[in-house]
Amino acid sequence: MNVNDTERMYALLEMLNYEPVSRPEDASLIIINSCSVREKPVHKVRSEVGKYRVLKQNNPRLKIGVGGCVAQQEKGKLLVDLPILDFVFGTDSIDKLPQIVQEVTATNRRAASAQFTHGEPYQIETLVKNPGVSTFVNIMKGCDNFCTFCVVPFTRGRERSRSLREIVADIEKLTVRGVKEVTLLGQNVNSYRSPDDGAGFAELLKRLATETDVKRIRFTSPHPKDFDEELAEVMQTYRQKIMEYIHLPAQSGNTEILENMNRGYTREDYIAKARMLQQKISGAVLSTDLIVGFPGETEDQFEDTMSLLDEVPFENIYAFKYSPRPNTKAAKMSNQIPEIVKSERLSRLLAKHRAQAFEMAKKYQNVTLNVLVEEFHDDENFCFGHSTQNKSVHFDGTRDLVGCTVPVKVTEATPLLLYGECV
Ligand code: SF4
(Lines give C-alpha, C1' and ligand atoms only; values in the text may rest on other atoms or scores of the structure.)
Protein backbone atom coordinates (compact mmCIF):
# COMPACT_ATOMS: atom_id res chain seq x y z
CA MET A 1 0.00 0.00 0.00
CA ASN A 2 2.89 2.35 0.71
CA VAL A 3 4.37 1.73 -2.74
CA ASN A 4 1.01 2.64 -4.20
CA ASP A 5 0.72 5.76 -2.01
CA THR A 6 4.19 6.84 -3.13
CA GLU A 7 3.17 6.48 -6.79
CA ARG A 8 0.18 8.68 -6.02
CA MET A 9 2.40 11.32 -4.41
CA TYR A 10 4.63 11.35 -7.50
CA ALA A 11 1.61 11.81 -9.76
CA LEU A 12 0.18 14.60 -7.57
CA LEU A 13 3.48 16.46 -7.41
CA GLU A 14 3.89 16.17 -11.14
CA MET A 15 0.75 18.31 -11.41
CA LEU A 16 2.78 21.04 -9.63
CA ASN A 17 5.56 20.52 -12.19
CA TYR A 18 7.87 18.70 -9.79
CA GLU A 19 10.14 16.11 -11.41
CA PRO A 20 12.02 13.29 -9.72
CA VAL A 21 15.78 13.72 -9.27
CA SER A 22 18.26 10.99 -8.53
CA ARG A 23 20.30 12.72 -5.78
CA PRO A 24 18.90 14.41 -2.63
CA GLU A 25 21.43 17.23 -3.23
CA ASP A 26 19.46 18.21 -6.36
CA ALA A 27 16.04 18.16 -4.68
CA SER A 28 13.92 21.15 -3.72
CA LEU A 29 11.43 18.85 -1.99
CA ILE A 30 12.08 15.63 -0.09
CA ILE A 31 9.23 13.44 1.17
CA ILE A 32 9.71 10.40 3.36
CA ASN A 33 6.74 8.05 3.09
CA SER A 34 6.70 6.07 6.31
CA CYS A 35 5.47 2.77 7.68
CA SER A 36 4.76 2.04 11.34
CA VAL A 37 3.76 -1.61 11.23
CA ARG A 38 6.84 -2.45 13.30
CA GLU A 39 8.91 -0.36 15.66
CA LYS A 40 12.18 -0.13 13.70
CA PRO A 41 10.80 1.89 10.76
CA VAL A 42 9.57 4.60 13.17
CA HIS A 43 13.17 5.13 14.34
CA LYS A 44 14.31 5.00 10.73
CA VAL A 45 12.06 7.93 9.82
CA ARG A 46 13.75 10.10 12.43
CA SER A 47 17.25 9.11 11.34
CA GLU A 48 16.29 9.52 7.65
CA VAL A 49 15.09 13.09 8.25
CA GLY A 50 18.30 13.77 10.22
CA LYS A 51 20.37 12.79 7.15
CA TYR A 52 19.18 15.92 5.35
CA ARG A 53 20.21 18.38 8.09
CA VAL A 54 23.30 19.59 6.21
CA LEU A 55 21.37 19.90 2.94
CA LYS A 56 18.76 22.02 4.70
CA GLN A 57 21.46 24.24 6.26
CA ASN A 58 23.03 24.77 2.84
CA ASN A 59 19.70 25.30 1.11
CA PRO A 60 17.04 26.84 3.38
CA ARG A 61 14.55 26.72 0.48
CA LEU A 62 14.60 22.92 0.56
CA LYS A 63 11.33 21.59 2.01
CA ILE A 64 11.17 18.26 3.84
CA GLY A 65 7.95 16.38 4.63
CA VAL A 66 6.97 13.08 6.25
CA GLY A 67 3.86 11.23 5.09
CA GLY A 68 2.30 7.83 5.75
CA CYS A 69 1.55 5.92 8.93
CA VAL A 70 4.28 7.39 11.17
CA ALA A 71 2.98 10.86 10.24
CA GLN A 72 -0.57 9.73 11.04
CA GLN A 73 0.52 8.32 14.38
CA GLU A 74 2.86 11.09 15.52
CA LYS A 75 1.14 14.07 13.85
CA GLY A 76 2.51 17.50 14.96
CA LYS A 77 4.83 15.82 17.50
CA LEU A 78 7.18 15.06 14.60
CA LEU A 79 7.47 18.80 13.90
CA VAL A 80 8.39 19.38 17.54
CA ASP A 81 10.93 16.54 17.61
CA LEU A 82 12.47 17.29 14.19
CA PRO A 83 13.04 21.06 13.79
CA ILE A 84 14.25 20.69 10.16
CA LEU A 85 10.95 19.14 9.13
CA ASP A 86 8.56 21.44 7.20
CA PHE A 87 5.39 19.38 7.02
CA VAL A 88 3.66 16.21 8.12
CA PHE A 89 0.69 14.62 6.33
CA GLY A 90 -1.28 11.54 7.37
CA THR A 91 -2.79 8.69 5.39
CA ASP A 92 -6.04 10.54 4.65
CA SER A 93 -4.18 13.71 3.58
CA ILE A 94 -2.28 12.36 0.57
CA ASP A 95 -4.59 14.10 -1.88
CA LYS A 96 -3.99 17.39 -0.05
CA LEU A 97 -0.27 17.12 -0.78
CA PRO A 98 -0.19 19.70 -3.63
CA GLN A 99 -2.03 22.21 -1.46
CA ILE A 100 0.24 21.56 1.56
CA VAL A 101 3.41 21.86 -0.54
CA GLN A 102 2.20 25.10 -2.15
CA GLU A 103 1.31 26.63 1.21
CA VAL A 104 4.52 25.60 2.95
CA THR A 105 6.60 26.86 0.02
CA ALA A 106 4.73 30.17 -0.26
CA THR A 107 4.53 31.00 3.45
CA ASN A 108 7.55 29.22 4.94
CA ARG A 109 5.20 28.12 7.72
CA ARG A 110 5.34 24.55 8.97
CA ALA A 111 2.18 22.41 8.65
CA ALA A 112 0.65 19.20 9.99
CA SER A 113 -2.38 17.58 8.33
CA ALA A 114 -3.33 14.26 9.89
CA GLN A 115 -7.10 14.19 10.36
CA PHE A 116 -9.07 11.13 9.28
CA THR A 117 -11.91 11.84 6.85
CA HIS A 118 -14.18 9.13 8.31
CA GLY A 119 -17.49 10.59 7.17
CA GLU A 120 -16.51 11.21 3.54
CA PRO A 121 -17.05 8.68 0.73
CA TYR A 122 -13.89 6.89 -0.31
CA GLN A 123 -13.32 8.11 -3.87
CA ILE A 124 -9.81 7.66 -5.11
CA GLU A 125 -9.22 7.25 -8.82
CA THR A 126 -5.88 5.52 -9.39
CA LEU A 127 -3.16 8.08 -10.08
CA VAL A 128 0.01 6.65 -11.48
CA LYS A 129 2.44 8.36 -13.82
CA ASN A 130 3.75 5.34 -15.73
CA PRO A 131 1.51 2.41 -14.88
CA GLY A 132 3.55 -0.20 -16.80
CA VAL A 133 2.27 -3.75 -17.14
CA SER A 134 1.07 -4.13 -13.58
CA THR A 135 -0.35 -1.64 -11.13
CA PHE A 136 -2.07 -1.37 -7.77
CA VAL A 137 -5.69 -0.32 -7.36
CA ASN A 138 -7.11 0.61 -3.96
CA ILE A 139 -10.54 -0.91 -3.39
CA MET A 140 -10.95 -0.24 0.31
CA LYS A 141 -8.98 1.24 3.15
CA GLY A 142 -8.77 1.00 6.91
CA CYS A 143 -9.71 -1.86 9.17
CA ASP A 144 -12.33 -2.51 11.84
CA ASN A 145 -10.85 -5.76 13.14
CA PHE A 146 -8.56 -4.39 15.84
CA CYS A 147 -6.19 -7.33 16.07
CA THR A 148 -4.51 -6.65 19.40
CA PHE A 149 -0.99 -6.40 17.89
CA CYS A 150 -1.84 -4.16 14.95
CA VAL A 151 -1.49 -0.41 14.57
CA VAL A 152 -3.35 -0.23 11.23
CA PRO A 153 -6.81 0.71 12.63
CA PHE A 154 -5.07 3.68 14.30
CA THR A 155 -3.03 4.74 11.27
CA ARG A 156 -5.43 3.97 8.41
CA GLY A 157 -8.74 4.52 10.22
CA ARG A 158 -12.07 2.71 9.88
CA GLU A 159 -12.96 0.53 6.89
CA ARG A 160 -14.28 2.32 3.82
CA SER A 161 -14.84 0.86 0.36
CA ARG A 162 -14.90 2.47 -3.09
CA SER A 163 -17.99 1.99 -5.21
CA LEU A 164 -17.88 -1.05 -7.47
CA ARG A 165 -18.86 1.06 -10.47
CA GLU A 166 -15.97 3.43 -9.85
CA ILE A 167 -13.45 0.57 -9.54
CA VAL A 168 -14.61 -1.04 -12.79
CA ALA A 169 -14.33 2.31 -14.63
CA ASP A 170 -10.92 2.99 -13.07
CA ILE A 171 -9.54 -0.38 -14.19
CA GLU A 172 -10.99 0.01 -17.67
CA LYS A 173 -9.09 3.30 -18.01
CA LEU A 174 -5.89 1.64 -16.80
CA THR A 175 -6.21 -1.13 -19.39
CA VAL A 176 -6.53 1.51 -22.12
CA ARG A 177 -3.16 2.84 -20.87
CA GLY A 178 -1.64 -0.64 -21.34
CA VAL A 179 -2.07 -2.16 -17.88
CA LYS A 180 -2.43 -5.95 -18.05
CA GLU A 181 -2.52 -6.84 -14.36
CA VAL A 182 -4.07 -5.14 -11.34
CA THR A 183 -3.44 -5.90 -7.69
CA LEU A 184 -6.53 -4.96 -5.68
CA LEU A 185 -5.41 -3.40 -2.44
CA GLY A 186 -6.96 -3.11 0.98
CA GLN A 187 -6.12 -3.90 4.59
CA ASN A 188 -8.88 -6.48 4.56
CA VAL A 189 -10.01 -6.87 0.92
CA ASN A 190 -12.62 -9.52 1.53
CA SER A 191 -14.63 -7.30 3.84
CA TYR A 192 -15.08 -5.03 0.78
CA ARG A 193 -18.67 -3.78 0.47
CA SER A 194 -19.67 -1.41 -2.31
CA PRO A 195 -21.42 1.66 -0.85
CA ASP A 196 -23.76 1.77 -3.93
CA ASP A 197 -25.44 -1.60 -3.73
CA GLY A 198 -23.72 -3.57 -0.98
CA ALA A 199 -21.92 -5.87 -3.47
CA GLY A 200 -19.15 -7.85 -1.77
CA PHE A 201 -15.64 -8.84 -2.80
CA ALA A 202 -16.68 -12.00 -4.71
CA GLU A 203 -19.07 -9.90 -6.83
CA LEU A 204 -16.35 -7.31 -7.45
CA LEU A 205 -13.94 -10.00 -8.71
CA LYS A 206 -16.64 -11.46 -10.94
CA ARG A 207 -17.49 -8.08 -12.45
CA LEU A 208 -13.83 -7.21 -13.04
CA ALA A 209 -13.25 -10.59 -14.69
CA THR A 210 -16.27 -10.24 -16.99
CA GLU A 211 -16.60 -6.49 -17.61
CA THR A 212 -13.03 -5.27 -18.04
CA ASP A 213 -10.19 -6.09 -20.43
CA VAL A 214 -7.68 -6.61 -17.64
CA LYS A 215 -5.76 -9.84 -18.23
CA ARG A 216 -4.84 -10.74 -14.68
CA ILE A 217 -6.32 -9.92 -11.27
CA ARG A 218 -4.63 -10.41 -7.92
CA PHE A 219 -5.38 -9.07 -4.46
CA THR A 220 -3.90 -8.49 -1.03
CA SER A 221 -4.65 -9.08 1.79
CA PRO A 222 -7.71 -11.17 2.61
CA HIS A 223 -8.66 -12.05 6.19
CA PRO A 224 -9.06 -15.81 6.83
CA LYS A 225 -12.31 -15.33 8.78
CA ASP A 226 -13.94 -13.55 5.79
CA PHE A 227 -12.74 -15.96 3.08
CA ASP A 228 -15.89 -17.89 2.20
CA GLU A 229 -16.68 -20.62 -0.30
CA GLU A 230 -18.43 -18.19 -2.64
CA LEU A 231 -15.19 -16.25 -3.06
CA ALA A 232 -13.21 -19.45 -3.68
CA GLU A 233 -15.78 -20.53 -6.28
CA VAL A 234 -15.54 -17.20 -8.11
CA MET A 235 -11.75 -17.57 -8.15
CA GLN A 236 -12.08 -21.03 -9.66
CA THR A 237 -14.73 -20.01 -12.22
CA TYR A 238 -12.69 -17.04 -13.46
CA ARG A 239 -9.28 -18.64 -13.07
CA GLN A 240 -8.31 -17.52 -16.58
CA LYS A 241 -8.04 -14.05 -15.07
CA ILE A 242 -7.81 -14.40 -11.27
CA MET A 243 -4.50 -15.67 -9.97
CA GLU A 244 -4.61 -18.90 -7.99
CA TYR A 245 -2.20 -17.39 -5.47
CA ILE A 246 -3.65 -16.53 -2.05
CA HIS A 247 -1.82 -14.74 0.72
CA LEU A 248 -3.74 -15.82 3.82
CA PRO A 249 -2.24 -14.29 6.99
CA ALA A 250 -2.37 -16.86 9.82
CA GLN A 251 -0.24 -14.91 12.38
CA SER A 252 -0.08 -17.90 14.75
CA GLY A 253 -0.79 -21.63 14.77
CA ASN A 254 -2.05 -21.69 18.36
CA THR A 255 -5.72 -21.15 19.20
CA GLU A 256 -5.15 -19.40 22.53
CA ILE A 257 -2.66 -16.97 21.00
CA LEU A 258 -5.06 -16.36 18.08
CA GLU A 259 -7.76 -15.54 20.61
CA ASN A 260 -5.42 -13.15 22.45
CA MET A 261 -4.65 -11.59 19.07
CA ASN A 262 -8.42 -11.16 18.43
CA ARG A 263 -8.08 -12.88 15.05
CA GLY A 264 -11.57 -14.41 15.03
CA TYR A 265 -10.56 -17.98 14.11
CA THR A 266 -8.95 -21.02 15.72
CA ARG A 267 -6.02 -23.12 14.48
CA GLU A 268 -8.55 -25.70 13.26
CA ASP A 269 -10.63 -23.04 11.47
CA TYR A 270 -7.54 -21.77 9.68
CA ILE A 271 -6.43 -25.22 8.56
CA ALA A 272 -9.97 -26.03 7.38
CA LYS A 273 -10.07 -22.78 5.39
CA ALA A 274 -6.72 -23.46 3.76
CA ARG A 275 -7.89 -26.96 2.79
CA MET A 276 -11.16 -25.57 1.42
CA LEU A 277 -9.16 -23.21 -0.81
CA GLN A 278 -6.91 -26.02 -2.03
CA GLN A 279 -9.94 -28.16 -2.76
CA LYS A 280 -12.01 -25.51 -4.55
CA ILE A 281 -9.27 -23.69 -6.50
CA SER A 282 -7.20 -25.92 -8.75
CA GLY A 283 -3.51 -25.48 -8.11
CA ALA A 284 -4.09 -22.96 -5.28
CA VAL A 285 -0.80 -21.64 -3.92
CA LEU A 286 -0.72 -20.26 -0.38
CA SER A 287 1.55 -17.92 1.52
CA THR A 288 1.15 -16.43 4.98
CA ASP A 289 2.25 -13.96 7.66
CA LEU A 290 3.42 -15.26 11.03
CA ILE A 291 4.30 -13.48 14.26
CA VAL A 292 6.60 -15.11 16.83
CA GLY A 293 6.91 -14.04 20.46
CA PHE A 294 3.44 -12.53 20.87
CA PRO A 295 3.01 -11.65 24.60
CA GLY A 296 2.69 -14.79 26.72
CA GLU A 297 3.61 -17.18 23.88
CA THR A 298 4.94 -20.36 25.50
CA GLU A 299 7.33 -22.77 23.86
CA ASP A 300 4.45 -25.20 23.25
CA GLN A 301 2.33 -22.46 21.67
CA PHE A 302 5.23 -21.51 19.41
CA GLU A 303 5.55 -25.19 18.45
CA ASP A 304 1.94 -24.97 17.21
CA THR A 305 3.05 -22.25 14.79
CA MET A 306 5.96 -24.47 13.70
CA SER A 307 3.61 -27.39 13.12
CA LEU A 308 1.18 -25.24 11.11
CA LEU A 309 3.84 -25.42 8.39
CA ASP A 310 3.32 -29.21 8.32
CA GLU A 311 -0.44 -28.82 7.98
CA VAL A 312 -0.52 -26.16 5.25
CA PRO A 313 2.03 -26.12 2.39
CA PHE A 314 2.95 -22.42 2.42
CA GLU A 315 5.20 -21.66 -0.54
CA ASN A 316 6.23 -18.43 1.11
CA ILE A 317 6.06 -17.08 4.66
CA TYR A 318 6.57 -13.56 5.97
CA ALA A 319 7.60 -14.13 9.57
CA PHE A 320 8.40 -11.43 12.09
CA LYS A 321 9.16 -10.98 15.78
CA TYR A 322 6.27 -9.41 17.67
CA SER A 323 6.86 -5.66 18.00
CA PRO A 324 4.76 -3.62 20.50
CA ARG A 325 2.92 -0.81 18.71
CA PRO A 326 1.45 2.33 20.29
CA ASN A 327 -2.25 2.28 21.31
CA THR A 328 -2.57 -1.49 20.79
CA LYS A 329 -3.86 -3.86 23.48
CA ALA A 330 -0.98 -6.30 23.11
CA ALA A 331 1.59 -3.57 23.83
CA LYS A 332 0.01 -3.18 27.29
CA MET A 333 0.12 -6.90 28.09
CA SER A 334 2.48 -7.58 30.98
CA ASN A 335 3.87 -10.88 29.71
CA GLN A 336 6.15 -9.57 26.94
CA ILE A 337 8.63 -12.09 25.55
CA PRO A 338 12.39 -11.30 25.76
CA GLU A 339 14.00 -10.31 22.45
CA ILE A 340 16.49 -13.15 22.65
CA VAL A 341 13.65 -15.70 22.82
CA LYS A 342 11.81 -14.03 19.91
CA SER A 343 14.98 -14.03 17.79
CA GLU A 344 15.66 -17.68 18.48
CA ARG A 345 12.08 -18.68 17.62
CA LEU A 346 12.15 -16.64 14.43
CA SER A 347 15.40 -18.34 13.31
CA ARG A 348 13.90 -21.79 13.95
CA LEU A 349 10.72 -20.96 12.06
CA LEU A 350 12.58 -19.51 9.07
CA ALA A 351 15.00 -22.47 8.97
CA LYS A 352 12.12 -24.92 8.97
CA HIS A 353 10.36 -23.09 6.16
CA ARG A 354 13.56 -22.72 4.13
CA ALA A 355 13.97 -26.50 4.05
CA GLN A 356 10.32 -26.98 3.06
CA ALA A 357 10.50 -24.28 0.39
CA PHE A 358 13.41 -26.07 -1.34
CA GLU A 359 11.36 -29.25 -1.47
CA MET A 360 8.23 -27.42 -2.72
CA ALA A 361 10.17 -25.63 -5.46
CA LYS A 362 11.03 -29.00 -7.04
CA LYS A 363 7.45 -29.49 -8.18
CA TYR A 364 7.95 -26.68 -10.73
CA GLN A 365 10.90 -28.40 -12.42
CA ASN A 366 10.06 -29.09 -16.13
CA VAL A 367 6.57 -27.63 -15.69
CA THR A 368 5.29 -25.03 -18.16
CA LEU A 369 3.84 -21.91 -16.49
CA ASN A 370 1.98 -18.94 -17.93
CA VAL A 371 4.16 -15.92 -17.23
CA LEU A 372 3.09 -12.30 -17.57
CA VAL A 373 6.27 -10.54 -18.72
CA GLU A 374 6.84 -7.36 -16.70
CA GLU A 375 10.41 -6.39 -17.59
CA PHE A 376 13.10 -6.90 -20.20
CA HIS A 377 16.73 -6.47 -19.15
CA ASP A 378 18.71 -5.61 -22.25
CA ASP A 379 22.11 -5.99 -20.56
CA GLU A 380 21.59 -9.76 -20.45
CA ASN A 381 18.60 -10.15 -22.81
CA PHE A 382 16.38 -11.72 -20.20
CA CYS A 383 12.71 -11.29 -19.40
CA PHE A 384 11.24 -11.23 -15.92
CA GLY A 385 7.68 -11.80 -14.84
CA HIS A 386 5.34 -13.71 -12.57
CA SER A 387 3.42 -16.91 -13.16
CA THR A 388 -0.21 -17.32 -12.11
CA GLN A 389 1.14 -18.96 -8.92
CA ASN A 390 3.01 -15.69 -8.18
CA LYS A 391 6.37 -17.34 -8.85
CA SER A 392 9.11 -15.00 -10.07
CA VAL A 393 10.32 -16.30 -13.43
CA HIS A 394 13.43 -15.39 -15.38
CA PHE A 395 14.03 -16.50 -19.00
CA ASP A 396 15.89 -15.46 -22.15
CA GLY A 397 13.61 -13.34 -24.31
CA THR A 398 13.07 -10.14 -26.22
CA ARG A 399 11.70 -6.69 -25.41
CA ASP A 400 8.53 -7.20 -27.47
CA LEU A 401 7.36 -9.84 -24.96
CA VAL A 402 6.81 -7.21 -22.24
CA GLY A 403 3.08 -7.13 -21.47
CA CYS A 404 2.44 -10.56 -23.05
CA THR A 405 1.55 -13.75 -21.23
CA VAL A 406 3.86 -16.50 -22.48
CA PRO A 407 4.37 -20.20 -21.69
CA VAL A 408 7.72 -20.78 -19.97
CA LYS A 409 9.11 -24.22 -19.22
CA VAL A 410 11.03 -24.25 -15.92
CA THR A 411 14.58 -25.54 -16.27
CA GLU A 412 15.83 -24.67 -12.78
CA ALA A 413 13.63 -24.20 -9.72
CA THR A 414 14.73 -22.41 -6.55
CA PRO A 415 12.37 -21.22 -3.78
CA LEU A 416 12.67 -17.56 -4.76
CA LEU A 417 13.23 -17.66 -8.50
CA LEU A 418 12.43 -20.03 -11.36
CA TYR A 419 14.61 -20.07 -14.47
CA GLY A 420 13.14 -21.31 -17.73
CA GLU A 421 12.78 -21.08 -21.46
CA CYS A 422 9.92 -19.74 -23.54
CA VAL A 423 8.25 -22.63 -25.36
S1 SF4 B 1 -7.09 -7.49 10.06
FE2 SF4 B 1 -5.03 -6.94 9.39
S3 SF4 B 1 -5.02 -4.69 9.23
FE4 SF4 B 1 -6.85 -5.26 10.42
S5 SF4 B 1 -6.20 -5.09 12.56
FE6 SF4 B 1 -5.89 -7.24 11.94
S7 SF4 B 1 -3.75 -7.36 11.19
FE8 SF4 B 1 -4.34 -5.17 11.29
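Everything numeric in this text was worked out from a predicted model, so none of it was measured.

*Asks:* I'm lost on the overall build of the chain in this one. Help?
*Replies:* When helices and strands are tallied, the chain shows 14 helices and 17 strands. Its C-alpha atoms give the chain a radius of gyration of 22 Å, near enough to 22 Å, the size a compact globule of 423 residues would have. Counting only C-alpha atoms, the chain reaches 60 × 55 × 50 Å along its principal axes. Residue burial in the chain is summarised as follows: out of 423 residues, 52% are buried. A separation threshold of at least 6 residues defines the contact pool for the chain, and within that pool the share at least 24 residues apart is 71%. Entry remark: accessible area of the chain is about 19400 Å², with carbon and sulfur atoms responsible for 50%. Separation of charge centres in the chain, based on 54 positive and 58 negative side chains, amounts to 5 Å.

*Asks:* Before we go on, may I ask you to explain the site of the ligand in this structure?
*Replies:* Around the ligand sit Cys143, Asn145, Phe146, Cys147, Phe149, Cys150, Val152, Pro153, Gln187, His223 and Arg263, and that is every residue in its neighbourhood. In this structure, the ligand is accommodated by the largest pocket. Residue composition of the shell around the ligand, grouped by class: seven nonpolar, three polar and one charged.

*Asks:* Just checking my understanding: could you explain the domain arrangement of the chain for this structure?
*Replies:* Buried accessible area, meaning the area lost when the parts come together, often serves as the stated size of an interface. The domain boundaries assigned to the chain delineate domain 1 (2-113), domain 2 (119-243), domain 3 (279-363) and domain 4 (365-422). Each of domain 1 and domain 2 has a C-alpha centre, and these two points are 28 Å apart. Domain 1 puts 18 residues into the contact, and the matching count from domain 2 is 15 residues. Between domain 1 and domain 2, the buried area comes to about 1400 Å², and carbon and sulfur atoms account for 51% of it. Inspection of the domain 1/domain 2 interface yields four salt bridges. In this structure, the salt-bridge partner of Glu14 is Lys129, at a minimum N-O distance of 3.5 Å. At the boundary of domain 1 with domain 2, the tally comes to seven residue pairs in polar contact (both at pLDDT 80 or more).

*Asks:* Help me understand unusual backbone geometry, please; the structure alone is not making it clear to me.
*Replies:* Outside of glycine, negative phi angles account for most residues, and trans bonds account for most peptide bonds. Omega for the peptide link from Thr220 to Ser221 comes to -10 degrees, which places this bond in the cis form. Positive phi outside glycine occurs at Asn17, with the angle close to 70 degrees. Looking at the element boundaries, Asn17 is found in the loop between helix 1 (2-14) and strand 1 (29-34). We note that Phe146 has phi near 50 degrees; this positive angle belongs to a residue other than glycine. Tracing the sequence through the fold places Phe146 in the loop between strand 6 (140-141) and helix 7 (152-155).

*Asks:* What am I meant to see in the layout of surface pockets here?
*Replies:* Any empty space left between the atoms is revealed when a probe the size of a water molecule rolls over them. Its volume calculated, the largest pocket comes out at about 1400 Å³. In terms of lining residues, the largest pocket is bounded by 46 residues, among which Val37, Val152, Ser221, His247 and Asp289 are the most central. Elements represented by at least two residues in the lining of the largest pocket include exactly helix 1, helix 7, strand 8 (181-185), strand 9 (216-220), strand 10 (245-247), strand 11 (285-292) and strand 12 (314-321). In terms of lining, the second largest pocket is formed by 23 residues, of which the most central are Tyr10, Pro20, Leu29, Ile30 and Ile31. Contributing elements (two or more residues each) for the lining of the second largest pocket: helix 1 and strand 1. Residue classes in the lining of the second largest pocket are distributed as 13 nonpolar, four polar and six charged.

What counts and what doesn't
- Residues numbered from 1 in each chain as written.
- Predicted model: local features only at pLDDT ≥ 70, side-chain atom pairs only at ≥ 80, totals over all residues.
- Heavy atoms only, no water.
- Helix = DSSP H or I, 4+ residues; strand = E, 2+ residues; numbered from the N terminus.
- Rg over C-alpha atoms; globule rule 2.2 N^0.38 Å.
- Buried < 20%, exposed > 50% of the residue type's maximum accessible area, 1.4 Å probe, protein only.
- Contact = heavy atoms within 4.5 Å.
- Areas by Shrake-Rupley, 256 points an atom, 1.4 Å probe, with all protein chains shown as cover.
- Lys, Arg positive; Asp, Glu negative; His and termini not counted.
- Charge placed at Lys NZ, Arg CZ, Asp CG, Glu CD.
- Near = heavy atom within 4 Å.
- 1 Å grid on protein atoms, 1.4 Å probe; cavity = no way out; pocket = protein on both sides within 12 Å on 5 of 7 lines; lining within 4 Å.
- Sits in = over half its atoms within 2 Å of the grid points.
- Nonpolar A, V, L, I, M, F, W, Y, C, P; charged D, E, K, R; others polar.
- Domains from an automatic or database assignment.
- Buried area = accessible area lost by both parts, 1.4 Å probe.
- Salt bridge = Lys/Arg side-chain N within 4 Å of Asp/Glu carboxyl O.
- Polar contact = N/O pair within 3.5 Å; in protein donor to acceptor, adjacent residues only side chain to side chain.
- Points joined across faces, edges and corners; volume = space filled by probe spheres on them.

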